[in-house]
Each structure stands twice: as structure tokens, then as C-alpha cells.
Amino acid sequence: MSFLLIPLKISLHLNKHGSQIKGRFSLYWIGIRFFSKKIPEEEKEEDKKKKKEKKEKAEKEEEKGKFDLKRILKIINLFLDAWPHLYRVLVAIVRSFTLEKFSLNLTMGMESPADTALFTGYIWSFTYPLNALTGIEMVITPDFQRRVLDGELKVEVRLKLIGIVTEAIRAYMKKPVRQFISEIRSLS
């Protein structure tokens, strides 16, 4: 269980210029990159065929009319019974996150230079106090000549697993949570 004490590092880097969005999502543990995906992901021909088949299958199932009001009400009631236990898991997830780095460099322009100036001023009124008081770095640059929204976003987050795993196990030991999970699983 000592491996749960070592936090995960989650890194997201996005660039938007024009209509193109490029980036990378990475997951590190003990300094080793375990998972990394380019954004947007390049699709292979096999993946395109599988998606098409999956979409056709979903359309057929939709035609069958799988909508059952009694089942939906049952799931909602099970969720409400399990909520106190699931809430503790959510709180553990939120508490386990630590923001390491947040950097936003944005170029923004609207149709009217006056609208650009007004909107940029509103954003600056929030971002500059954040820049001064926290480790968050946000730079908003107005472009009065054209309508544009381009920029770069870098986010690094550290996630401690021990609290999440502990609360998840504690929640799973409760009967309402197990019933809710089994009902959700039976949907597919």
C-alpha cells in the first residue's frame, strides 16, 4: 500500500491557433510517463470502422426503445441512497488534487474594438489579482484588429491516491453503493 503514497502527476498542454487545436495529455508516476495522448488523436482506419459499427449498433438499440421509466426511477432512488457515501469519495478526490502549475496565454479579439476593450478589462480585473496572489499565471492580450480567440494552456496537477482509494473502498463496503453500481453496470 505504500505505492499509494506516491502522487500521480497529470499534465495537460493545449495550443489553439486558428481552427487547429493541438496538445498533449500525460500521466506520470514516480517520474515515469505511464500514459500520453496527443490531442487530437490520429484515427486509424480500423478505429474509424469500429466507430461506424458502434454507431450503427447504438442506432439499432435506440430504435428498439430501451427507455424504461421504472428503471430510471430505480437508478435515481439507488443514487440518492448511495449519495452520502459517494459524496465522501468526491470530497476525497477534490482534497487530493494539488495545482502545481496553471499558465494561460490568450489572445482575444471581438468584432468591435470597444467590445474587445470592455471584455478584456473585465477579465483583467480577475486575472491580475490571481497572478499576484497565487501561482496562477494568466496573460490576456487584446487584438483590436480582428475577431480571434487563440492561446496556450498548460496545467499540471498532482493527485494523491491514498485518500481516494481509502474512501472508495469504504464506500464500496456499503450496500446502497454496491446496488447502485450493479444497476448501472446492467445498463450496458
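Numbers given to residues run from 1 along each chain, matching the order in which its sequence is written. Residues qualify for local features only when their pLDDT is at least 70, as the model is predicted, and side-chain atom pairs are given and counted only at 80 or more; totals for whole chains, interfaces and linings, by contrast, use all residues. Hydrogens and water molecules were not included; the side-chain quantities draw on all heavy atoms of the structure.

A. How the structure looks around the nonpolar core. Each nonpolar core is a collection of buried residues, namely Ala, Val, Leu, Ile, Met, Phe, Trp, Tyr and Cys, held together in the definition by side-chain atoms within 4.5 Å. For every residue, the accessible area (1.4 Å probe, protein chains only) is compared with the maximum for its type, and the residue is labelled buried under 20%, exposed over 50%, or partly exposed between those bounds. One finds Ile75, Leu78, Ala82, Val89, Ala171, Val177 and Phe180 forming the largest nonpolar core, which totals seven residues. Counting residues per element, the ones that place at least two in this core are α2 (69-96) and α5 (175-185). In DSSP terms, a helix is any run of H or I states spanning at least four residues, a strand is any run of E spanning at least two, and both are numbered starting from the N terminus. Here this core gets four residues from one element, more than from any other, and that element is α2. The residues touching Ala171, leaving out its near neighbours within four places in the chain, are His85, Val89 and Val177. Listed in part, the six residues of the second largest apolar core include Leu8, Trp29, Leu161 and Ile164. We call two residues contacting when some pair of their heavy atoms lies within 4.5 Å.

B. Geometry of the pairing of strand β5 (residues 136-142). A pair of strands counts as paired when DSSP detects no fewer than two bridges linking them. Note that strand β4 (residues 97-109) and β5 share seven bridges and pair parallel. The residue bridging Met108 from the neighbouring strand is Pro142, located in β5. Every crossover in which the path from the first strand over the helix to the second runs clockwise, viewed with the strands pointing away from the viewer, is termed right-handed. Read from β4 through helix α3 (residues 113-133) to β5, the crossover connection turns out right-handed.

C. Up close: empty space enclosed by the protein. In this analysis the probe radius is 1.4 Å and the grid spacing 1 Å, with only protein atoms considered; a cavity is a set of points the probe fits into but cannot get out of, a pocket is an open set with protein on both sides within 12 Å along at least five of seven lines, and lining residues have an atom within 4 Å of a point. Grid points are joined across faces, edges and corners, and a volume is the space filled by probe spheres set on the points. Within this structure, the stated rule accounts for one cavity of 30 Å³ or more. Looking at the largest cavity, its volume works out to about 40 Å³. If you go around the largest cavity, the residues you meet are His85, Arg88, Glu167, Arg170, Ala171 and Lys174. Contributing elements (two or more residues each) for the lining of the largest cavity: α2 and α4 (161-172). Ranked by residue count, the leading element in the lining of the largest cavity is α4, at three residues. When grouped by side-chain class, the residues that make up the lining of the largest cavity number one nonpolar, one polar and four charged. Here the term charged refers only to Asp, Glu, Lys and Arg, the term nonpolar to Ala, Val, Leu, Ile, Met, Phe, Trp, Tyr, Cys and Pro, and the term polar to all other amino acids, Gly among them.

Any link to function would need more than the numbers given here.
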